[in-house]
Structures are given as structure tokens and as C-alpha cells.
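Observations on chain architecture
For reference, the chains in residue letters:
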Amino acid sequence: MGEQRLVPDRLPEELTAMLGGYLSRQRWYAGKGEPASVTVQDQALVVADELVGGRLLWAVVEADGDRYQLLVGERPVTEVGEHLRGHEDALIGTAGDRAWYDAVVDSEMAIAFLHLASGGAEDASRARPLSVEQSNTSVVYDDRLILKLFRRLSGGENPDAEVTSALAATGFSHVAAPLVRWRRNGADLAFGQQFLAGGTDGWALALTSLRDLYGSASTSGPYPPGASGGDFAAEAARLGQMTAEMHLAMADAFGTSDETSHQWPGFVSVLEQQAELLVPALVPAGAGLFRRLHQVRDPGPAVRAHGDYHLGQVMRTDAGWYVLDFEGEPNRPLEERLRPTSVLKDVAGMLRSLQYAPQFVLWERADSELPVLDEAARAWQRRNCNAFLTGYYDCKGIEQVLPPTPQDREAVRVAFELDKALYELGYERAYRPDWAAIPQAALEHLLSSPAEELVAPPGKWGNEGEDDPEDDPGDAGQA
Amino acid sequence: MAPGERVSGTASADVRWYQRAVFYEVLVRGFHDSNDDGSGDIQGLVGKLDYLQWLGVDCIWLLPFYQSPLRDGGYDISDYWTVLPEFGQVADVAQLVDESHRRGMRVIADLVMNHTSDQHPWFVESRQDSTNPKADWYVWSDDDQRYSQVRTIFIDTEKSNWAWDPQRGQYYWHRFFSHQPDLNYDNPDVADTMLDVVRYWLDVGLDGFRLDAVPYLFERDGTDCENLPETHAYLRRLRKEVDSLYPGKVLLAEANQWPEDVVEYFGNDDECHMCFHFPLMPRMFMSVRREQRYPITEILARTPDIPDGCSWGIFLRNHDELTLEMVTDEERDYMWSEYAKDPRMKRNIGIGRRLAPLVDNDRRVAELLHSLLFSLPGSPVLYYGDEIGMGDNIYLGDRDGVRTPMQWAPDRNAGFSRADFAQLYLPPLMDPVYGYQAVNVEAQMRNPSSLLHWMRRMLEVRAQHPVFGTGSMEVVSTDNPSVLAYVRSSLPAGEGGAHGTTDEAELRADHVLCVGNLSRFAQPAQLPLQRWQGMMPIELTGRVPFPPIGELPYFVTLAPYGFYWFGLVRRATSSTGG
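Each helix and strand in chain B was counted, giving 18 helices and 24 strands. A burial count over chain B gives 51% of its 578 residues as buried. In chain B, of all internal contacts separated by at least 6 residues, the share reaching a separation of at least 24 is 69%.

Here's what the structure looks like:
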């Protein structure tokens, strides 16, 4: 594959002038509108033998207080169409006979970049970009390796690269094996992992199960989810088991502390304030719950957690479940994302996701179907939350990262469900007002149910699918 | 074999025929009755060979036809050298083989090596006392405590693998029913005699054997007595004998184990040529119920590579129950609750149902499952009657529910026999949905849109593409869990389709893309086919060209339970740009 190296070089003036407009069109750009100014902080040319007929430029720029990594392809205007086919929106602009574009869409450029980032250790014959995420861009090579190019840079270690590498080093086998870690001046710039070919994210798999259930329920009336062909409970239980193993590996890799205990009273008070702010009408009914949360004696150890754990962050493969993306909630500050917390924060995140999924699919259905489907949705949520929790709590050794008593354990779990639902409500109101009803319903349930009911341990789930709707376990967030 | 016969003409050149063959399992008793005695026979089968040839069958697999008291469907052999009189004689078997070869088909038969009937003269002699010449031909013990780690297979009827024989005053060993004592392969006379049996039937003309219950031949203290090294050594000896004296014959092992254990029976292509892949079958059904591909792709990922000359035998249903030994307990409960709502349908650790009732008689599901059966790696094995969607009778005892007479015509006794109805070995199905008035060969032959014609067409397409039998397989990943897509390729994975190659092997290569929708709802799928960029998918049953594969993921939509087989061909005016 020849030699590849970065040679300091200046970006063409015409290109630099276009970057403000380009940045403002990117999903990973944090600012609103075109930045007032763009400052190039670092710029170089990727020199690679295999690049013919084009140049690959690399840069870090600052815009409105944030730093971004750019990878720009340059080719003659007459040839660029061929390399952009299907990705015309990646074009940054043209000047004279030259055109610039986001180089990740150009297989030849993307492969040259892989060679550079891996120091020549990895090679590929094909590259394809995946859909863009909030803070990075991913390229898949030969359906074997996925390289994440960090776009918005925080400087220093990237949490995803750091945690994935640390978990893999403990022998935890449910993360995609780390293969490439490209860093400059102590900062993570790109991270490559084994590509989980044939995988499906948990969200898509849950929706498959739900469509099957709703298909049965809409024709034959109330239908126990355990009896439907697409029952998800066994998957949810295995997911719970894998989650617990992840937390034990986290404790192994990063250690534990008692930070949570010191933070607990403050955390509950913030919850109260947030509730007062977002759902003031529900706060009086929630007084009992808050009282109960204040009574928690020992919220358990603090551990480095996933931080943004939901069905979209786990991947079902032929070898079971894998966990992805340890960046944490992208809208929270980095320092907060890195802070150790209770592992039940992740558990609560998944339980919230198991409420979102059945409600999300309900939106595709006709109003006339809703009465019967709504019941099916709640039964599905109940069954799968129970299965997830059972799989989680049954994992050998998990008690060492949990609160010591079952009462405190469930109270802490409910507190994090509340925390997450409040965060969701704020987010949905700001970005997707149509969806605000989902966390709103969850908050109504959490704040108006008797506290003792909420903190009951999970119910059983069997294979017969005969869930008793009256035997309501402690899982929260039901509409 | 006489010169001019179609099979013998190619046999020497094509010793690996079984890798591309479609097998068809026949219950001689249930197929066709030539002498009006109410029971099917070998001459009856000879009379139906034209039908099997028309259907596209390459190899007929006969269930046991040897002399037997028939307490276990003929798997309790009481004389290896003779044919059950009601089926015919050895000369009839020879004629069946000749007539099949003339039509380009082969014939293999079940051979039970592990045990005999308790009425076999060897056992009758062996049980008399402990000093007779056959005294050591079976496994005898003074107590019933040896080999205590061995599981009991027929848990419904047998409490122990030891049975007391009052005549000899000792216990004898049996892995299956107590009337089926296990032969003692540590006795060289037994080991040699069974090779004589094999040579005898290959001399009659059979093209091979399906070896019943092979993991259990030997017993050793402190083991589970399955898959022992001694058993493998004996199979190597058998294989060497067959390959040197009778090239082009096949040994097909029945070993109901996990694939990683079953591969041991291929050895280094020096044990069995073929083995059944048991766990794939229940998982195909499970995938359709779950509407997702993971039950299938998981087991394929767990299936090790096998030696080049070897092949898996894959099937949807056979004469035994839907075997659930190879699924986890949780999945087994699930399969039971899904497919065997009536407890009578549960037998041993499985479900005794035919394909059509298992899928609620949904032809779309039956077609989807067959499209998988015909395109996944391995040689497909059809069970007689499934090609017309026959049903079952769960009220018949034991495993007879799926062994009712083949339904040839809407006439008396389903066209199976001209005997009195009361004389039939089992009553044909007569219910309004699956009965012979509704489901029979004659009616489906006349109807071009019948399941039977669909099967024939698919087998025809399959035969045009040897890659289905011998090609590599690569799963194509797609975000939609309800869609299963894979490419069968005559080039090893990783070498096919690399664009710009004009290598001669590449030009002759055959690639088939199979896409199936496991859901009852229509589904979209985006397939990352960039590796095949520039090639054009041609739908194989209708030769309809689809848009060429470009740089973006290839988009297909699938009807409920829909599937496609696409041949990937290089366009005449292919662009190499990109």
C-alpha cells in the first residue's frame, strides 16, 4: 500500500473561505447558523502513494468556540462527479478547475486515510460511509472494519475509544474489537473497530417484535406478548445479562468509588427542581416518591457507566449482543459524561427505551386500533422490562456494583428512570414536540403511582406468555 | 451396472455427485402398493420412478427395507441379508437400482449399524448363555450401573439403557428401545460382519447408505459413550473399504449433535461423505415465527467449515419428529408452545408434524422455507408428500402420524393401493383440508400453479446452478432483521466480484444472491453489495433483469414471506468507473 504521512501544508484559500457554510450544513456542527469566523488550527496534506488524480487534505478548525476535524478531498471539477456519485451533498464547493468535498465518501481517499490512521497496519479494498451521527462520521471498510472519525473534538481522550479499549482489555467480549486508534498531541482523532457484519441494533429488533405483536393484537384483540411469534423477552433477558457483565467489566477496568453516596441528596434535590420546572402539576402527587428517594441509605458504589444506554446502542449479532458508543449523552458536558455514577443509570436508560419502543410504533397505527394496541404496548413493556431486569440481576457477582439492599436498589433505579424521563421531556419539547407525550406519560406514571409499588422488585417472566396485567411489577414509565 | 445407463456413464468422473444432489426420502411402505396387499412395496416405487425423475430428484433415500419384526419402523433389523417379504426381494432392490440409474437417479438406503432387533438370530443365540459363539456379539453386564453418564434417548418409554434378560441372567445394553440390543463393536467378528453387510448391498447396486445412529457404536467407562475415538476409527475403516472397492458411493451419517461435534464425522474427508445438519431445521421454523434471521444466522455462524469433498444434508421435515435436542431449553419451550399446542403432537423431544400443518398450511411460508432449503449450503432432502403439501394424522400412534400413504390421486385409497380400505397399513388422510380428495399428485400435476409445479421449477433452477451445492456462502448484512440475504459463490469468499478482475476463473464464476423476507409483512432492505458493483442481478425463475448494482446499497422490497434468487452477471457494457 506504499507510504502515507501527514505533511504540514496550508489549505487553499478558496476552500477556507467556504468552510463556514459547509460546517453549518453538517449534523455534527454544534452551532446554530453559519459561524462568525472559522480559524484553521492545524492543517496538513496526506501524502500517500496510492492517491492518484486527487489530493487529501486534513485540518482541525475552530468555529464559534468548538473544534472540528475535517477530511477534504480535492479533485479536478471534471472528475469529481464520478467520485461523488450518490453523495452529491458532500460537495463543499468549487473554485476554478478544482472541487473540494468531504473525503469520506470517496473510497480511494477513505482507504488512504485508513492506511494513515492505522500506520499501515490495516488495508481494505472497499469503503462506504455510514449515515452521519451527531459527533462523528463512520466509514465501513470491506464489511470488516468500521472507522469512526471524530468530528467535534474535545481534546484528550475520546470516551468511546477509551472505554471500548479498556473493556476489551479486561476480556469483555461484547464490544467490537478495537483495531485502530489514531491520536495526535494526546487527542483521539479516529477510532477503528471490528465491524459487526450482519448485526441489527436493538431498536430495530424491538420494532420487529412489536409489529408482529400489533399485527396479532389488531386482528385477534388483546394478545399476550409472550404468545406472539416475535416475542422479545428472551432477547431482553440476554441483553440484561450482557449489561450486567459490562458493568462488572467497567468496575474491573476503572474501579469503584463511593462518590454516589455523597452526591445522592443533591441528586434527588436536583430531580425535584427539574420536576418542578418541567412538570409542576405532577409534583404534589410525587411527594411520596421523593420522600422515599430521600430515605435511600446507600445508593451503592459509583462506577464508570455507559451513560447513554438505550436500544439503539446495542447490536444483536450472530454471536449475541454487543454494546456500542460509549460517548455518553452528547448534550451533556464531557466532564459530567465521564463522572462515575450508579450502574442503575444504564439500567434505567434501557428500561426507558423499552417504554419508548412500543409507544413509537403506536404512532404508525390508526386511531381506531389504539385502545387494544395500547394495552398490548404496555404488556410488551412490562414483560420485557421484567425480562431485562431478571437477566441483569441474575448475573453472578452483580451485587458488588449495586446498592446493598433490594429496597435501595429499586429506589435508585426509579430515581434514574425519573432523571432520564425528565431529560427526555426537556429534549423532546425542544426538538421533537410531537414525541413529548411519551416521556410525559412516563413521568405521570412515576410521579402518581404509590412509591412502594414503584420500588417493588421485578416480576417474573415465563415462557407461557401469560403475564397477569394486575401483577404490576416495579418497572416504570407506563403510559 | 450395464453400459449405457445414465448414472454409470458418469459415475467414475463424478464421484462427488452427492454435493449437488437433491435427495428424496421414501417410506417404501407408504409410497405405492403394486400387489394390492395394502402395504407399499419396492415394485410400487419402481412404478413411480418416472414421477420422481420428472420432479427433479437426484437420489432416493429408502427407509429400512430389511427383514424386521417392525417394532420400530424397520430400524429393528432381524436379518441384514434379506428384504422384508411384504416389500419384495433382493432382486426387486436390484431392479429398483437399475431403473433409477437409467433415469439418472441414484438410490441409497438406511442401514442400522448400532443395534439389531432382539429377534435377530445373533441375539437369540447370544442371550442363551455366556459361552456360545455369539455370546460377545452384544454388550452384556452383571449389573445395570455401568456407563451411568449416558443419557436415555427415548425418555418417553425407556427408564434405563440396560435391560434385564432372565434367560442369560444378565443385563444387555441398548441406546434406543429395549427390544434393540446394541451390537458389541469391540468384538472383531461384529466389526467384520458389518463390513460384509455393506459390501453385499453395494454389490446389489445401492449408491450408498444413510448410517443410522452412528455416534453410539462403542461404549467406554467414564464417558457418555457418544462420539468415541473408537467409533471414528471404525468409520474410517468403513470409508476406506467403500472408496477403494466402490468409488462414487456415499456414506451419510445421522448424528444428532451440535455442528461442531458433527464435523468430526467428516474426519479429514476420510469418514462420512455427508452428515445431516440437525439444528438448522428447527431454527428455520423459529426464524419465521420470530420474523428475524438470527436463529438461522447464529447456527450458520456456529457451523464449522467442512472438508472440500463433503456436504451437509439439510431438511425441513423427515420421518422423525421435529428434533429439538439442539435448541436451548428456553427455545424448546417456545417451539413447543408455538408448534405443538396439542400435547399429542409432542413426541420424545420433538414435534411429530408434517411441514404443511406446521406452517398452518400457508403456502407462502412453505415456499419461503423451501427456497431456503434449496439455497443454503448443503444437499436438500425432501420428505415424500411434502412436495404436494400433505398433512398428518396426529391421532395415529408413535411416529405413524407423518407416515400415512402417499396421495397420488383423488380415487379410492388415494391411488396408493387397490386393496380393501381396511387392509391398508395406515388409513390415508381424509380430512377436508389435507385429505387426498383435496391434496394429491394428479390434481397438482394438472394445475400449473400448484405447489408441486413450483417445487419442480425451483429444483430445475437449482440444477442449473451447481453453486447451490458446492459454492461458498457469505451472509450479506442488512439493517432489517427480518431479511436474510446471502451470496452463494463458486469462488471462495473474498475473491468474487472484485472489480477490474478479468481473470478467467472470475469470468466463469457463478454468483447467486438469495434474499428472503421472514416476516408476514412486506419489508424493504438495503443490501451492501458494493463488492459486486457493476454486476446485474437477474431473477432466476423468470430471467428478469434488475437494475445494476451501483455504489450505493442495493435496495429491494419484498412481499410478505417473499424471496428472490438473483444470478449476478457482469453486464456486457460494464463500466469500471468508481
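Resuming the write-up.
Another point: the overall build of chain A. Across its full length, chain A carries 14 helices and 17 strands. Relative to its length of 479 residues, chain A is compact, with a C-alpha radius of gyration of 24 Å against a globular reference of 23 Å. Expressed as lengths along the three principal axes of its C-alpha atoms, the size of chain A is roughly 70 × 55 × 45 Å. Counting only residues that meet the buried cut, chain A has 51% of its 479 residues in that class. Taking contacts inside chain A between residues at least 6 apart in sequence as the whole, the part at least 24 apart equals 69%.

Taken together, the contact between chain A and chain B spans 25 residues of the former and 29 residues of the latter. A per-class count over the side of chain A that touches chain B returns five nonpolar, ten polar and ten charged.

Attention shifts here to the nonpolar core. Y24(B), V26(B), V28(B), I60(B), C272(B), C275(B) and A485(B) are the most contacted members of the largest nonpolar core, which has 153 residues in total. Per-element tally for this core: the top contributor is helix 14 (residues 363–375) of chain B, with seven residues. Taken domain by domain, this core gets at least three of its residues from each of domain 1 (116–182) and domain 2 (471–570) of chain B. Once residues lying within four places of it in the same chain are set aside, the contact partners of Y24(B) are L52(B), V57(B), I60(B), W61(B), L382(B) and Y384(B). Y22(A), A63(A), L351(A) and L443(A) belong to the second-largest nonpolar core, a separate cluster that totals 137 residues.

Note: strands within a sheet are paired through backbone hydrogen bonds, in either parallel or antiparallel orientation. All names here are of chain B. Read from one edge to the other, the open sheet built from three strands follows the order 6-8-7, with strand pairing classed as antiparallel. Where the open sheet ends on each side, the last strands, each with one partner, are strand 6 (140–141) and strand 7 (162–165). Here two bridges tie strand 6 to strand 8 (residues 170–173), and the two strands are oriented antiparallel to one another. By the bridge assignment, S141 is partnered in strand 8 with Y171.

Our next topic: unusual backbone geometry. All names here are of chain B. For Y147, which is not glycine, the phi dihedral falls at a positive 55°. For Y147, the position within the fold is in the loop between strand 6 and strand 7. Although it is not a glycine, A213 adopts a positive phi angle of roughly 50°. Along the polypeptide, A213 turns up in the loop between strand 9 (208–212) and helix 8 (229–245).

To continue, consider the domain arrangement of chain B. The domains assigned to chain B are domain 1 (116–182) and domain 2 (471–570). With centres defined by C-alpha atoms, the gap from domain 1 of chain B to domain 2 of chain B works out at 54 Å.

Quick look at the sheet that holds strand 10 (residues 250–253) of chain B now. Residues and elements named next belong to chain B. Strand order around the closed barrel formed by eight strands is 1-2-5-9-10-11-12-16, with parallel pairing between neighbours. Averaged over all pairs of adjacent strands, the angle between strand axes in this sheet comes to 25°, irrespective of strand direction. Direction of pairing for strand 11 (residues 274–276) relative to strand 12 (residues 311–315): parallel, over a ladder of three bridges. Pairing of C275 across the sheet is with W312, part of strand 12.

Turning to the domain arrangement of chain A, a few remarks are in order. Residues and elements named next belong to chain A. When the domains of chain A are assigned, the result is domain 1 (4–194) and domain 2 (201–454). One C-alpha centre belongs to domain 1, the other to domain 2; they are set 34 Å apart. Across the boundary between the two partners, domain 1 contributes 15 residues, which contact 19 residues of domain 2. Its residues assigned to classes, the side of domain 1 that touches domain 2 comprises eight nonpolar, six polar and one charged.

Calculation notes
- Residues numbered from 1 in each chain as written.
- Chains lettered and ligands numbered in written order.
- Predicted model: local features only at pLDDT ≥ 70, side-chain atom pairs only at ≥ 80, totals over all residues.
- Helix = DSSP H or I, 4+ residues; strand = E, 2+ residues; numbered from the N terminus.
- Buried ≥ 20, exposed ≤ 12 C-beta atoms within 10 Å, placed from the backbone.
- Contact = placed C-beta atoms within 7 Å.
- Rg over C-alpha atoms; globule rule 2.2 N^0.38 Å.
- Nonpolar A, V, L, I, M, F, W, Y, C, P; charged D, E, K, R; others polar.
- Core = buried A, V, L, I, M, F, W, Y, C linked by C-beta atoms within 7 Å.
- Domains from an automatic or database assignment.
- Pairing = 2+ DSSP bridges.
- Axes fitted to C-alpha atoms, helices over the stretch in contact; angles between N-to-C directions.

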